[in-house]
Each structure stands twice: as C-alpha cells, then as structure tokens.
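Fold and geometry: a report
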Amino acid sequence: MTAVLGAATSTDMNTELSDEAAEYGRTALRAFEAAGGDELVQAAEREPEKRAGLIEPLLDEIGAWELDPRAGGDELEAAAALCRAAGWWALPYPLAERLCRPADGSTAGLVLAAGTGAGVGTGPAPAAAVAGAGQRWSTVTLDGRRGVATARPLAEGPRYGAFVAELDPEPVATSTGTGTGTEDGTADGRADAALALVLPCWTLLGMLDRALDLTRAHVLARQQFGQPLARFQGVQFQLTDAEVERVGVEELAKFALWSVQAGHGDAVEDALALRHAALEAADLVFRVTHQLHGAMGFCDETTLSWISRYSQPVRRHPLSLSATRDHLTRRIGRAGLSGPFAGPAGAAGAAARAGAGSAAGSGEEGQPR
Amino acid sequence: MNTSTEDLAEFRAEVRRWCREHVPADWRRAQTVAGDAEFVAFQQAWFQELRTGGYAVPHWPAEWGGGMPAAQQVVLYQELAAHDAPRLVLGFVSIHHAASTLLAAGTDEQRARHLPAILDGEIWVQGFSEPEAGSDLAGLRTTARREGDGFVVDGQKLWASGAAHADWCLLLARTDPAAPKRRGISYFLMDMRSPGLDVRPVRNAAGESHFCEIFLNGVVIPAENLVGPVNQGWQVAQATLSAERGMTMLELAERLGNAGFRWLVEACRGPAPGGGRLVDDPRVQDRLAELETEIAGLRALCLGLVERHEAGTAGPADASVVKLYYSELLQRTMDFAVEVAGLPAHTELRKPASSGWESGAWVLDFIGSWEWTIPGGTSEIQRTIIGERGLGLPREPVVPA
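Quick caveat, the model's predicted, so the values are computed rather than measured.

So, the overall build of chain A
Helix and strand counts for chain A come out as 13 helices and nine strands. A separation threshold of at least 6 residues defines the contact pool for chain A, and within that pool the share at least 24 residues apart is 70%.

Things to note about the overall build of chain B
The helix and strand tally for chain B stands at twelve helices and eight strands. A compact globule built from 401 residues should have a C-alpha radius of gyration of about 21 Å, and chain B, at 22 Å, falls within 12% of that. The dimensions of chain B, computed from C-alpha atoms along their principal axes, are 75 × 55 × 45 Å. The buried share of chain B, taken over its 401 residues, is 46%.

A look at the UniProt feature "domain: Acyl-CoA dehydrogenase/oxidase C-terminal" (unreviewed entry) in chain A
Within the UniProt annotation, "domain: Acyl-CoA dehydrogenase/oxidase C-terminal" (unreviewed entry) is assigned to residues 201–310 of chain A. Between the C-alpha atoms that bound residues 201–310 of chain A the distance is 14 Å, and the span itself is 77% helix and 4% strand.

Digging into the interface of chain A and chain B
On the chain B side, the residues contacting the 25 residues of chain A number 24 residues. Elements that contribute at least two residues to the side of chain A that touches chain B include exactly α7 (158–161), α9 (233–261), α10 (267–293), α11 (303–316) and α12 (321–332) of chain A. Broken down by element, the residue count for the side of chain A that touches chain B peaks at four residues, all from α11 of chain A. Each residue belonging to the side of chain A that touches chain B can be placed in one class, and the counts come to eight nonpolar, eleven polar and six charged.

Details of the confidence of the model for chain A
Residues and elements named next belong to chain A. Summing up the model confidence of chain A, the mean pLDDT is 85 and the portion of residues at 70 or higher is 83%. Confidence drops under pLDDT 50 across residues 117–122; counting only partners more than four residues distant or on other chains, this segment forms 30 contacts. A low-confidence stretch, residues 354–369 (pLDDT under 50), is modelled with 34 contacts involving residues beyond four sequence positions or located in other chains.

Looking at the domain arrangement of chain A
A common measure of how large an interface is: the accessible area buried when the components associate. Residues and elements named next belong to chain A. What the domain assignment lists for chain A is domain 1 (2–99), domain 2 (110–179) and domain 3 (187–351). If you look at the interface, domain 2 gives 17 residues, while domain 3 gives 16 residues. Looking at the side of domain 2 that touches domain 3, the elements that each hand over two or more residues are β1 (110–112) and β2 (127–128). Take the side of domain 2 that touches domain 3: its biggest share by element is three residues, from β1.

Details of the sheet that holds β1 of chain A
All names here are of chain A. Reading across the sheet, the five strands line up as β1-β3-β4-β5-β2 and stay open at both edges, with mixed pairing between neighbours. A strand with exactly one partner marks an edge of an open sheet, and here the two such strands are β1 and β2. Against the sheet, helix α8 (residues 187–221) contacts β1, β3 (136–140) and β4 (146–151), and its axis sits at roughly 85° relative to β1.

Examining the nonpolar core
Membership of the largest hydrophobic core comes to 108 residues, with the highest contact counts inside it found for W124, C169, F188, M190, A337 and W362 of chain B. Per-element accounting of this core gives the leading share, ten residues, to helix α10 (residues 318–341) of chain B. The residues contacting C169 of chain B, other than those within four sequence positions of it, are W124, V125, G127, M190 and M192 of chain B. With 101 residues, the next largest nonpolar core counts A21, A28, V130 and W258 of chain A among its residues.

Basis of the calculations
- Residues numbered from 1 in each chain as written.
- Chains lettered and ligands numbered in written order.
- Predicted model: local features only at pLDDT ≥ 70, side-chain atom pairs only at ≥ 80, totals over all residues.
- Helix = DSSP H or I, 4+ residues; strand = E, 2+ residues; numbered from the N terminus.
- Contact = placed C-beta atoms within 7 Å.
- Rg over C-alpha atoms; globule rule 2.2 N^0.38 Å.
- Buried ≥ 20, exposed ≤ 12 C-beta atoms within 10 Å, placed from the backbone.
- UniProt positions renumbered as here; feature names shortened; annotations may be inferred.
- Nonpolar A, V, L, I, M, F, W, Y, C, P; charged D, E, K, R; others polar.
- pLDDT = per-residue confidence, 0-100.
- Domains from an automatic or database assignment.
- Pairing = 2+ DSSP bridges.
- Axes fitted to C-alpha atoms, helices over the stretch in contact; angles between N-to-C directions.
- Core = buried A, V, L, I, M, F, W, Y, C linked by C-beta atoms within 7 Å.

Now the structure itself:
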C-alpha cells in the first residue's frame, strides 16, 4: 500500500495532514481533556440545555471559529483534525456542521440533506444532531442544491435521541421565483456536499480511534483464566481485524479530504466512498469492541458505551449504510472511482462518467504495481 | 406419545384454537407502556393461562406437569409465535435453569418444594457471574462459610437478569478457597428475602435495567438448600448452563422463524423510499433467501438437539453449536431488519415488554441482540468448547508471562 501511494504522489497528491494540522488536532485533544474529557458528553446528556454553553467557549479558546474549511489547505486539514479530536471524546456538539457554516453567518452551519431536492417533499427531511446548537441551518443535497432548514424542538431527551433534531426545509428562492429548489446545483454546491460528507467521517474516525484504544487497554487489564484477555489469540485476532478496518478508513479519509481540497471532479463520489467504508468499519469496530468489553461495555460506567451511543447519529444521518451504498453505486455506475491511482486529478472517473467509456484507473499515467 | 403426522395436525389444530381463545388481543400496546408492576402481573397471569392449557412447562417430565414429545413442542412453539403470544420472560430462568438443576441434581425435598412453587409463579434468578468472574466463571470469589446448620455467604454477583423480581436465586459460591478453583465451588438455592442481601439495577445502553448487581453480606443459607455435594457445584452448574445453551433454543428458534422473520418479510413488502417495494429489489430477495435458509438450519439443529438430549445421545459441544449459531444469526437478522426499516425505526424508542428478542421495534431489537454473544458463555467460550470438546483439538497453550 505504501509503495503504491508513494507512486501516486508523483501526480502531486499528498494525503498526509500537514504538521500544523496534526499539531492543532493534538492541541484540541488536550483542550477537550482539560475541560472534562469524557465528562463533557455525560454533562450534556444530564443537562441538554447547557450543551452549547459548555462547548462553545471551549471551541472559542482553541480558535475553532477562525477556521474556514472552504479555504482549503491547512485550514481544511486543521478542521478535519479538530473533528477527529472531537470524536475521540464524543464531544456533544455538531462540530463538523458548525465549521461549515456560510461565511455571511446567515445560518448556524451546513447539513447534508439526503433527499434529491433541497425543497419540501423531495425526500426524507434532513436530520442531524444539531438540537440546541442553532435554529436555522444551510442544507445541500448530493447534487449540490442548496437550501435552508429550521431545526424542530426535541421530542425526546438526549438519552434516546442523542440530540438529533429533524429539520424543516424552507421554500427555496430560485431564478424562476420561489420554488422547491429543483434546479441543478452549482459547482460550489457540490463542493459543499463533499465537505458536508467528509468532515463528519473524521469525527467518526476519532470515535473508532477511541473505541479501539479503550478496548486495547481493557483486554490488557482484564484478567480471566489467570491472564489478561489479550493473551488469547482469539481476542487478538478480533482486535486486529477491527484495527485493519480503522486504518483503512484513516487512509480513505485523508484521500477524500485531499479530493475536496483539490476540487477533484469526483469529490462527492470520493466522499461517499469514504462514508461507505467508515460505516462498514464502524459496524465491525463497535461489534468487536463491545464483544471484548463483555456486558460491562453496555453500561454507563464504561466510556465505550457513551462513544458507541453517540456514534449513532453520525452513522445514521444523513445516509445510513445501505442508502450510502445505493447513492454511491448509482453515481459511479459502471465507471468506478478514479481513486488515488488515476492519472491527473479526477480525469479518468469523471471522463468515463461523461461517456468516454474507458474503465476507471486506465488513465494515461496509470502506475504499475 | 403419539407424534404421527395426523396426531400432530390434530395437536396443531388444538393449539391454534387455544391461541385464538387465549392470546390477549392488545397485549403489545399495553405492554409497551407498562410499568414494572404491570409487567410482572401480566407475566404471572399469562403463565397461569399457559399452565391451565397445559403449555407452560412442556419440556418438564410428565410427573411434574410436562412430558410433551419434542415434535409436539415444536408445533406448540410455532403456533405460539405465529399467534404472536407473549413470551415467558419473567419465568424463563425458573422453568428452564432452576427446573433442570432441581431435576438433575436436587433432592426429592427440594424438587417437591420448588417445582410446584414454580408452577404457582415462583421467580428465579441466576447468581453466577461476578465482577472478576465472567468468562472465567470458575474464578468466582463469593464465599460460603460453614457455620452451624448452614452457610454464611459474602460477595457480589453481577448481570443477574431480573434479580429485582426474583424470589429465589441459583447461587454459586466458593466453599473451599484452598482447592483448585473448579473443585472448591458449591451450588445453593438462596431465598432472595434473606437478610444481608441487596439488589441494585444496572442501566444498559438501551436505557433499561433488567440486569442487576446482588450484594451479599453475611447471608445465611440453611444446609438443606445445598444442591449436590459440597465442593461439587461446578459440575451441577454445567447442567444448568447447558440447558441455557441448548434446550431453551427450541422456542427461540421457532420464534425467530415464525414471528421475527415473518415480520421482516412483511416489512420488506412495504414501500421502498425510491418507489416500488423493497421485496422487489433482488438484493433484498437475496438477503431474505439467505436468512431463511439459515433459520431453517437453526430450527433443524434445535430439534435435533432436543431429540438427542431426550435419547441421551447429545454430544458435549452440541448445545454450544446451537447457541453460537442462534446468537450470531439473530444479530445478522436484526441488522438487516434495521436496514430495511430505515431511519423512521430509529424514532421507535419503546419495545413492548413480554415480547421476544425480535419485537418489530427493530433498532431496539438490534441493540438487544448484541448481548446474545456475551451471557451464558460468550461466543469465544462456545468456540473453545466446540474446538476442544467437539473436535478434540488441544487447549490453547498458556504462555508464561
């Protein structure tokens, strides 16, 4: 894998986060820890109305509001690293959504709408874990159609709903007057869709990091049959299978981020591919980490239970596994993804989809393995 | 003991008639909002209803009120599931684990005292696991010290499902701390009203607290409540654990086949998000066919196990095969059901009490299915048993630290 990725960098693709972004992620991790760490999500669940007041000053302190992910480069990478740090602590806040808020501050943030149109009645109403973190939210569909939606008040406490609120789309102003937003999306809109898919996957990645870290510690400490569980190969192999999944998601997350940053023609497809891989990995990682924690892993006394419960919104919204797979297969059709091994950025897949008919990855600079 | 095709058809007609007359029409709605007291009252009433019909303990020996041939039991469980009858949740440990322990290892006095009482509604809980003794059950630390005519028990039990409602507890405690760990354990029947006993619920990720901690401080158990010889409780426990792994599965397998899977197919007949019906999607058809094949395999395995158990020819790993097969299949089936049900299923936050592991509240069923690979011997333990006792493979080497 490394050698192949190395070859791909000859086309100017560098998927590693910059040192600055990585350092920023570490700073955020420490700042969240100093502010309470695992206690943050528990406090927010106890007193949901206080969650914004609990988290926002903290984000202010580390300069999160100054990041503009749309500016690309270091800022986008720093935003990704920040989301990953938030995932580690299951930070009870819609950070990825808030980081993508429009520059004019007209809404609290950006939420991907699963339907095909931005307007009323064109698909399932958008929903996200945004309760209490803002009223009006920008929305964008996978086709790049923009809209605005208002968060409904919560019917259930966060114990069950994990702060997920449904959003009521507002009628959208179009060039032909007020309609339902059925016009084709713009390139900016599509870039926003890719961004709105990719950043939450970085949050989920942070949750996978944490679930595995907690489980590694647990199987090393938990003694049964006179030795740590970690000494049983049956236990080791389960954990290693989960780790392999996590590493795969990490690589894809970096690639999809690069794709957004490069304005890649396939950025939305790359983002969907990342989401698909991340959701499959999450299923396996949480199944294994719960199994190895035993019954205790389902109880409030273990951090894993909190991470697992608060991973649910990001795994279900805006698209769950089968819906993600459905969108991805429909969009890539028989052309496949360009992936990291294509020729110049995005040429092969995008061209194939445009009707050139060549198989993905057969670009002129295809690298031998 | 007639189990010819005609007799079975007649029996089926009889059970159907009974179900139509006795299964409460709207129990699901009532049990979805039921508090603890209503749940207990409903379970007790339903158990008596089944008892009157002769269906409460079909797997017990005839002299104690059972004696139904395995082939008829299959029919009974099929029809109960197909008529969406409530499950015996509260009395599960009583009619399976407690009864099989008493039948296999109890004294005549113990059987005479408790088996009729169980039929009258006595509720039992299993007090096996401890904070430091999960998979390594034989590592348990709760002690029972001989004192006069009885034993004095100190320690802590964990994951005791339903302990809050229990009258009696199947308790494992260490009576000889000096002996090798499996040879120093004794098996007791403990009255849950004994002084020195404290039960605390543990809340789980699904928001319920059906499993509990039991704290034991100087609890006195009379010597007559010892099951089997002192220090041979491990052997007695094997009998009850194997009951949980094997015999209880017949009902669960028929539930999965005749209730859970049927509802899943119905759900697939509903409208798909993009138009049409889910069941018309070839991928959905593939998955359903795959699951149905596996469920048919499970049902055959369960029936085979019960028949071999009755004939005394069951192999040492047969029950483990069934438990492993059921628990992982249940998880896969519920996982698919969650996909089929889509996002609206996530807003269904209450599952009816008294329902099976598959209730149609698919997300909660899915979360619930996760626990199946942990209690009663984790999947890792089942695989070890199948490897070592079933296939005769060597034990995993212990690497010196």
